[in-house]
Amino acid sequence: MTLRFYTHPIYLEHLTPEGHPERPDRLRAIEKALEHEVFAGLERVEAPEGDPDTILYAHPQSHLDRIHVAIPEEGIARVDADTAVSPKSWQAALTALGAANAAVDDVFEGRADNVFVAARPPGHHAEKDRAMGFCLFNNAAIAARHAQRKHGAERVAVIDWDVHHGNGTQDIFWDDASVLYCSTHQMPLYPGTGAKHETGAGTIVNAPLSPGDGSAAFREAFRTRVLKSLDDFAPDLIVISAGFDAHHRDPLAEINLTEDDFDWATGELMERAGRFCDDRLVSLLEGGYDLQGLAVSVATHIRRMMKG
Ligand SMILES: [Zn+2]
């Protein structure tokens, strides 16, 4: 298996207020975990800056303009109660979606079987016309549409195991049956969406978990709701909205997964990628706020993708 790993120093320059959980140290913790010798063979690539026009795959021009003018010349500005921007946030956001699109190009053009993108800001809460929940632009949604427009993918699956519901991705694909969006998440929890009855054009699949649920409930929901839907859908590409805040150490939620659960879920998705889409799998970092839980989970996820 050829795995590419994208990151960029600009991601560390997207600054959030003191004490904010979505902070540059998250990526530093991941980098440190990847210093281990088992990752010596990882193909590390510097993320390219993305084309701003690709933002329009998922958002109207008005949203792009609103974020652009919100970027301060100095200090930190807020675009939402939880979502901040600093002087380098525009470039960081463009490089986050640039890496997601480059990852799609890689798997369609044969440079890699699968790709992990360690970027910030994350994306899955960004709705068509609204930044929220630490997210400015929806990287997974843009990447899915990029696969359709540039590479002729007919059906793309976005699998979101972040502990929060990806309301933004659901919003963007609500009427679009060419994209399957499956999410496991804690409910009730921010942002409040993600009930089972929210099905959009029939290709939105929500599998809410209850506070206190752990490995068994997660795997059952993943098997019976997510994997079953994926098998029926037979995608041309699988994109993972890979948040690791369902880890038991995470301070933002009460789901008690371990890194072994992420290893298992990764393996299950790789098996489907092999069966349906010539191994094409693109994994994009979303949440994960306990540095130790995040680092060990990402390392486990990447090792699984390297092993095949
Ligand atoms: Zn999250």
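Look above for the structure.
The rules we used
Residues numbered from 1 in each chain as written. Predicted model: local features only at pLDDT ≥ 70, side-chain atom pairs only at ≥ 80, totals over all residues. Heavy atoms only, no water. Axes fitted to C-alpha atoms, helices over the stretch in contact; angles between N-to-C directions. Helix = DSSP H or I, 4+ residues; strand = E, 2+ residues; numbered from the N terminus. Parallel < 35°, antiparallel > 145°, perpendicular 65-115°, else oblique. Left-handed = near helix turned anticlockwise from the far one by under 90°. Contact = heavy atoms within 4.5 Å. Donors = N, O, S within 2.8 Å, 3.2 Å for Na, K, Ca; no water. Buried < 20%, exposed > 50% of the residue type's maximum accessible area, 1.4 Å probe, protein only. Pairing = 2+ DSSP bridges. Right-handed = clockwise from strand over helix to strand, strands pointing away. Salt bridge = Lys/Arg side-chain N within 4 Å of Asp/Glu carboxyl O.

Caption draft 1: The arrangement of the packing of helix H1 (residues 25–33) against helix H8 (residues 291–307) in detail. For the pair H1 and H8, the least separation of the axes is 9 Å and the interaxial angle reads 45°. By the angle between their directions, the pair H1 and H8 is classed as oblique. Taken as a pair, H1 and H8 cross one another with a handedness that is right-handed. Contacts from Asp25, Arg26, Ala29, Ile30 and Ala33 in H1 reach Leu291, Leu294, Ala295, Val298 and Ala299 in H8.

Caption draft 2: View of the coordination of the zinc ion. Donor atoms from the polypeptide that bind the zinc ion are Asp162 (OD), Asp162 (OD), His164 (ND1) and Asp245 (OD), placed at 2.0 to 2.8 Å. Within one chain, the residues serving as donors to the zinc ion are arranged as D-x1-H-x80-D. On the criterion of sequence distance, the pair formed by histidine 164 in the loop between strand S6 (156–160) and helix H5 (167–172) and aspartate 245 in the loop between strand S9 (237–242) and helix H7 (259–276) is long-range, its members being 81 residues apart. Its relative accessible area of 7% is what places histidine 164 among the buried residues. With a relative accessible area of 0%, aspartate 245 lands in the buried category.

Caption draft 3: View of the pairing of strand S2 (residues 43–46). One ladder, built from four bridges, connects strand S1 (residues 3–7) with S2; its direction is parallel. If you follow arginine 4 over to S2, its bridge partner there is glutamate 43. Regarding topology, H1 serves as the crossover connection from S1 to the parallel S2, and that connection is right-handed.

Caption draft 4: Geometry of the sheet that holds strand S5 (residues 114–117). With parallel pairing, eight strands are arranged side by side in an open sheet as S2-S1-S5-S10-S9-S6-S7-S8. Edge positions in the sheet fall to S2 and strand S8 (204–209), since each has one partner strand and no second. Each strand of the sheet is rotated relative to its neighbour by a mean of 15°, with strand direction disregarded. Summarising the sheet, S5 and strand S10 (residues 281–285) pair through four bridges and their orientation is parallel. Counterpart to valine 115 in the pairing with S10 is valine 282.

Caption draft 5: Focus on the pattern of salt bridges. Scanning the model with the defined rule gives 23 salt bridges in all. Across the pair glutamate 271 and arginine 272 runs a salt bridge whose closest N-O atoms are separated by 3.3 Å. With a relative accessible area of 38%, glutamate 271 lands in the partly exposed category. Note that arginine 275 is salt-bridged to glutamate 271, the shortest N-O span being 2.8 Å. With arginine 275 and glutamate 271 both in helix H7, this residue pair falls four residues apart, about one helical turn. Among the residues examined, arginine 275 registers a relative accessible area of 44% and is labelled partly exposed. One network of salt bridges, with partners in common, ties together Arg4, Glu43, Asp106, Glu109 and Arg111.

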